[in-house]
Amino acid sequence: MGAQLALVTGGASGIGLATARLLKQHGDVLIADRDPSLIDVAEREGFGAVAADVTSTADWRCMAQHVRDRYGRLDVLVHNAGTAHIAPLVETSDADLRRVLETNVLSVLIGTREMWDLLVAARGCVVNVASVSALVGQDAAAAYVASKGAVVAVTRALAVELAPHGVRVNSVCPGSTDTPLLARHFASLPDGKQARQRLIERHPIGRLLTAEDIAPSVAHLAGPGAMAITGANVVVDGGLTATFDFGSSFAGGGPKDAA
Ligand SMILES: NC(=O)c1ccc[n+]([C@@H]2O[C@H](COP(=O)([O-])OP(=O)(O)OC[C@H]3O[C@@H](n4cnc5c(N)ncnc54)[C@H](O)[C@@H]3O)[C@@H](O)[C@H]2O)c1
């Protein structure tokens, strides 16, 4: 048997890339992505690469075959690929709803099913990248909130179903993380710079998260140190969901210094 293999979906960018870099310290890493930058990233970083759309069952079957043929095992599966659609529900089409739900949550169900035998054979583990949007309401993001809430729920269900096979399943909920996904969102707004600043101020740590803030928690849940942790959700949000914003006047002062 060769070194451990970790498969990271959406591994060409952001949180997936930072996670893949950490997991590389423990064995082979295969990144799956639909973005053409996949090949360059994999070459530069020393990862294996597989071009795949995580919404496609056929692509998951190809990935499973590739893993069997090339590596013979799968120890860690990180469902990280995701997409957001920030718009009022009445401006969200059926196609938008399907894209968000298929990318963010159906992919977890289909992918885990297609990798089931490999995960069981390795007594491996699954880590799902959800979001704080699973835990609190968010304006103009009903499809995204639905998808991430479902990811956390599915994490628990699969943890129970896979526990007898020695496979652990956990999730991580990042707060607002400075990645290309968030940059694209701000770029799409007329007052993106201001919106970004307002978001920073909502995080008690006084800054957005980075992909490097999130990756260690994913890697921990994927590693032997996590021992008996399964069905758990780890929130990495700089205190965002720990606080309720009373407004600056409540404590008698002006706006807090965010530095
Ligand atoms: N950035 C944030 O603020 C934030 C906060 C909470 C949760 N998340 C979640 O973290 C995960 C990673 O997001 P990120 O911020 O690193 O985004 P990102 O856009 O930087 O990276 C996402 C990657 O997933 C890939 N991808 C998207 N759809 C795919 C598909 N159908 N098939 C294959 N690959 C696909 C993209 O090509 C991209 O490389 C997502 O699930 C996202 O919802 C992000």
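Every value quoted in this text rests on a predicted model; they were computed, and no experiment measured them. (Residues numbered from 1 in each chain as written. Predicted model: local features only at pLDDT ≥ 70, side-chain atom pairs only at ≥ 80, totals over all residues.)

Break down the sheet that holds strand β3 (residues 48-51) for me, citing the residues and quoting the values.
The seven strands lie next to each other as β3-β2-β1-β4-β5-β6-β7, forming an open sheet whose pairing is parallel. One side of each edge strand has no neighbouring strand; the edge strands of this open sheet are β3 and β7 (233-236). Ignoring strand direction, the axes of neighbouring strands in this sheet form an average angle of 20 degrees. Note: strand β1 (residues 5-9) against strand β4 (residues 76-79), three bridges, orientation parallel. Paired with A6 across the two strands is V76, which belongs to β4. Each of β4 and β5 (125-129) touches helix α4 (residues 94-122); the most contacted strand, β4, lies at about 175 degrees to it. Along the sheet, helix α8 (residues 211-221) contacts β4, β5, β6 (168-174) and β7; its crossing angle with β6, the most-contacted strand, is approximately 170 degrees. (Pairing = 2+ DSSP bridges. Helix = DSSP H or I, 4+ residues; strand = E, 2+ residues; numbered from the N terminus. Axes fitted to C-alpha atoms, helices over the stretch in contact; angles between N-to-C directions. Contact = placed C-beta atoms within 7 Å.)

Kindly report on the environment of A163, identifying the contributing residues and their values.
With respect to the helices and strands, A163 occurs in the loop between α5 (142-162) and β6. As a C-alpha pair, A163 and V29 span 134 residues in sequence and 24 Å in three-dimensional space.

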